[in-house]
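# Results of the structural survey
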Amino acid sequence: GAGVSQSPSNKVTEKGKDVELRCDPISGHTALYWYRQSLGQGLEFLIYFQGNSAPDKSGLPSDRFSAERTGGSVSTLTIQRTQQEDSAVYLCASSQDSHTQETQYFGPGTRLLVL
Amino acid sequence: AQSVAQPEDQVNVAEGNPLTVKCTYSVSGNPYLFWYVQYPNRGLQFLLKYITGDNLVKGSYGFEAEFNKSQTSFHLKKPSALVSDSALYFCAVRGNTGFQKLVFGTGTRLLVSP
């Protein structure tokens, strides 16, 4: 069956440019999550959506980061004015709902490199 | 706030031998515990979870984990390791009230030698 998909798989950009990362969750999953995986720093929670609402944005590192979700499906994570420290793998996950016992299923990630 | 510790950066085991990857946690209230595996250049794959009930949880690919409340541990085990089990393993925990984010450990690299 279809899992979580992310695009692009790799993105190289220049410092100062804006980037958009896309996530397609598993069909029917109402909850969607974004994480960042940096070398040597494990997985860092960024934001989650229940439906189209983002109740918890506390993990976004700065106001350069924003995310939206439309139609309760696809989500976009936007990083404005990228910095070299933004280089990381950005992982998206989805679950049936945001109840804490639900399993999150992850996509393959977008590897972002800021030069 | 919840936290997870994976005390070993790397675990080395010979193929056919049993393996254990350690995880301890801290959370308010009862925990929901998860194990994920990550192969190179891939996302995280779910292995198993503990929600309630039997302390021994069985998951994918022959892995199992034992929840120990008194020791706040959730160690991952497999009776007989395969070379193909070599990967990065993450333990994660959430609290069971309201919305609580999934908090991951720093990961343990498992290397199974032929």
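The structure under discussion appears in the preceding block.
Everything in this summary refers to the structure shown in the same document. The shown structure was predicted, so the numbers you read here are calculated from the model rather than taken from an experiment.

As a further point, take a nonpolar patch on the surface. On the surface, a cluster of nonpolar side chains totalling about 280 Å² of accessible area is made up of Val12, Leu113 and Leu115 of chain A. As for its placement among the helices and strands, Leu113 of chain A is situated in strand S11 (residues 110–114).

Here we take up the pattern of salt bridges. Taken as a whole and judged by the stated rule, the model has six salt bridges over all chains. Its salt-bridge partner being Glu44 of chain A, residue Arg36 of chain A comes within 3.0 Å of it at the nearest N-O pair. Overall, the relative accessible area of 10% leaves Arg36 of chain A in the buried class. What makes Glu44 of chain A partly exposed here is its relative accessible area of 28%. Taking the shortest distance from any N to any O, the salt bridge between Lys77 of chain B and Glu66 of chain B comes out at 3.9 Å.

On to the sheet that holds strand S7 (residues 65–69) of chain A, then. Residue and element names in this part refer to chain A. Strand order across the open sheet formed by four strands is S1-S3-S8-S7, with antiparallel pairing between neighbours. Unpaired on one side and paired on the other, strand S1 (5–7) and S7 mark the two borders of the sheet. This sheet shows a mean twist of 15 degrees between the axes of neighbouring strands, independent of strand direction. Sheet topology note: the S1/strand S3 (residues 19–24) ladder contains three bridges and is antiparallel. Opposite Gln6, over in S3, you have Cys23 as the bridge partner.

All names here are of chain A. With burial as the criterion, only one face of S3 is covered, namely that bearing Val19, Leu21 and Cys23; the residues Glu20, Arg22 and Asp24 on the opposite face remain uncovered. Pairing geometry for S3 and strand S8 (residues 75–79), over five bridges, is antiparallel. Directly across from Leu21, in S8, lies its bridge partner Leu77.

What follows covers the interface of chain B and chain A. Between chain B and chain A, the contact holds 21 residues from the first and 20 residues from the second. Carbon and sulfur atoms supply 57% of the area that chain B and chain A bury against each other, a total of about 1,700 Å² over both sides. At the level of secondary structure, the elements contributing two or more residues to the side of chain B that touches chain A comprise strand S5 (31–38), strand S6 (44–50) and strand S10 (87–95) of chain B.

About the cut-offs
Residues numbered from 1 in each chain as written. Chains lettered and ligands numbered in written order. Predicted model: local features only at pLDDT ≥ 70, side-chain atom pairs only at ≥ 80, totals over all residues. Heavy atoms only, no water. Patch = residues over 30% accessible without salt bridge, like charges linked within 9 Å, V, L, I, M, F, W, Y side chains within 5 Å. Areas by Shrake-Rupley, 256 points an atom, 1.4 Å probe, with all protein chains shown as cover. Salt bridge = Lys/Arg side-chain N within 4 Å of Asp/Glu carboxyl O. Helix = DSSP H or I, 4+ residues; strand = E, 2+ residues; numbered from the N terminus. Buried < 20%, exposed > 50% of the residue type's maximum accessible area, 1.4 Å probe, protein only. Pairing = 2+ DSSP bridges. Axes fitted to C-alpha atoms, helices over the stretch in contact; angles between N-to-C directions. Contact = heavy atoms within 4.5 Å. Buried area = accessible area lost by both parts, 1.4 Å probe.

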